[in-house]
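Structural features, examined
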Amino acid sequence: MNYITFHNNVKIPQIGFGTWQIPDGEVAYDSVKFALDAGYRHIDTAEAYGNEASVGKAIAESGIKREDIFLTTKIHNKEHGYEKTVKAFKKSLELLQTDYVDLLLIHWPNPLASRDNWEADNAGTWKAMEEFYEKGMVRSIGISNFREHHIEALLKTAKIIPHVNQIRLYAGEQQEELVTYCKAKGMALEAYSPLGTGGLLSSEIVNTIAQEVGKSAAQVCLRYDVQKGYIILPKSVTPSSIKQNLEIFDFELSDAQMGKLDAMENICGPTKNPDETTF
Ligand code: A2P
């Protein structure tokens, strides 16, 4: 297993199991359980995904020690501000059947419920998260879907620079300026939708490279992000795919192949502007 080290020296497995769009109940339970059995030691969930209860149950019943699993959750868009964040996180811990998470993120910077007050609400949420950090209730804290101006606003009052920004990243969606900015601040990058929610798998460029290296299209996409130094969070409910997505550390893409993927257009639809979301 490869690890990425945050600026507070916490190590995160470079591949995590993404649970966005996995429905709560049997499907979430079974796929998380299968992922843990297959060797994943990093699970990414969120209050907004509605599946924390199943994720928590699968972890608790996996037979794997809690401290051997890196667990991430996120503060819901409707729970911004200090008090709401304290309550929401308590609920997440209950659902997840644990007394700490390894990484807690603010899910979106400017949700509809906070649009008139997003800057102050993020500052309040962050203050609560810094207190969780000091109390050992979280091992690291970060943000998701934040752009530069949201981060600049947060840093006006933050004591801790976010350990990570989780954003939409894949071949064709580079977010280059944001990535450069985050790196300069010392933040790690997490790539959500590393397969473009499946849209990249039919790309001719990706499939040609897959044939060249004798791997699947999904593995090529994931390997691309790994070579970029990103933490990846592929989602799947299919056992063979869950397993296959782990098998990406035994081959390398050449500079020429990376260059072709770098040059790809975004074929999976535009990334949402966080200042214009309707949720
Ligand atoms: P499924 O969940 O039905 O197995 P992303 O991680 O970018 O959000 O992409 C998730 C999508 O990609 C899902 O539709 C998932 O399908 C599909 N997927 C994940 N891994 C693979 C794989 N190795 N081969 C084919 N499809 C995959």
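In what follows, the structure referred to is the one given above.
This paragraph deals with the nonpolar core. Ile43 and Leu261 are the most contacted members of the largest nonpolar core, which totals 68 residues. Sorting elements by how many residues they give to this core places helix 8 (residues 217–227) first, with seven residues. In this view, isoleucine 43 contacts Phe17, Thr19, Val32, Leu36, Val55, Ile59, Ile69, Phe70, Leu71 and Thr72; residues no more than four positions away in its chain are not counted.

So, about the pattern of salt bridges. A side chain of one charge can pair with a side chain of the opposite charge if their charged atoms are brought near each other. Per the counting criterion, the structure on display carries 11 salt bridges. Among the salt bridges present, the one from glutamate 61 reaches lysine 57, with a minimum N-O distance of 3.8 Å. Judged by its relative accessible area of 42%, glutamate 61 is partly exposed. Here lysine 57 falls in the partly exposed class, since its relative accessible area comes to 39%. As a salt-bridge pair, lysine 90 and glutamate 94 come within 4.0 Å of each other at their nearest N and O atoms. One end of the pair is lysine 90 and the other is glutamate 94, both in helix 3 (residues 82–95) and four residues apart, which spans about a single turn. With relative accessibility at 55%, the residue lysine 90 sits in the exposed group. Glutamate 94 gets classed as exposed once you look at its relative accessible area, which sits at 51%.

All right, on to the site of the ligand then. In the region of the ligand, 16 residues are neighbours, and Leu195, Lys235, Ser236, Thr238 and Gln244 sit closest. Within the backbone of proline 194, one N or O atom sits 3.4 Å away from an oxygen atom of the ligand. Within the backbone of glycine 196, an N or O atom sits 3.3 Å from an oxygen atom of the ligand. Across the complex, the protein chains shield 77% of the 570 Å² of accessible surface that the ligand would expose by itself. Residues of the shell around the ligand, tallied by class, amount to six nonpolar, nine polar and one charged.

Calculation rules
Residues numbered from 1 in each chain as written. Predicted model: local features only at pLDDT ≥ 70, side-chain atom pairs only at ≥ 80, totals over all residues. Heavy atoms only, no water. Core = buried A, V, L, I, M, F, W, Y, C linked by side-chain atoms within 4.5 Å. Buried < 20%, exposed > 50% of the residue type's maximum accessible area, 1.4 Å probe, protein only. Helix = DSSP H or I, 4+ residues; strand = E, 2+ residues; numbered from the N terminus. Contact = heavy atoms within 4.5 Å. Salt bridge = Lys/Arg side-chain N within 4 Å of Asp/Glu carboxyl O. Near = heavy atom within 4 Å. Polar contact = N/O pair within 3.5 Å; in protein donor to acceptor, adjacent residues only side chain to side chain. Areas by Shrake-Rupley, 256 points an atom, 1.4 Å probe, with all protein chains shown as cover. Nonpolar A, V, L, I, M, F, W, Y, C, P; charged D, E, K, R; others polar.

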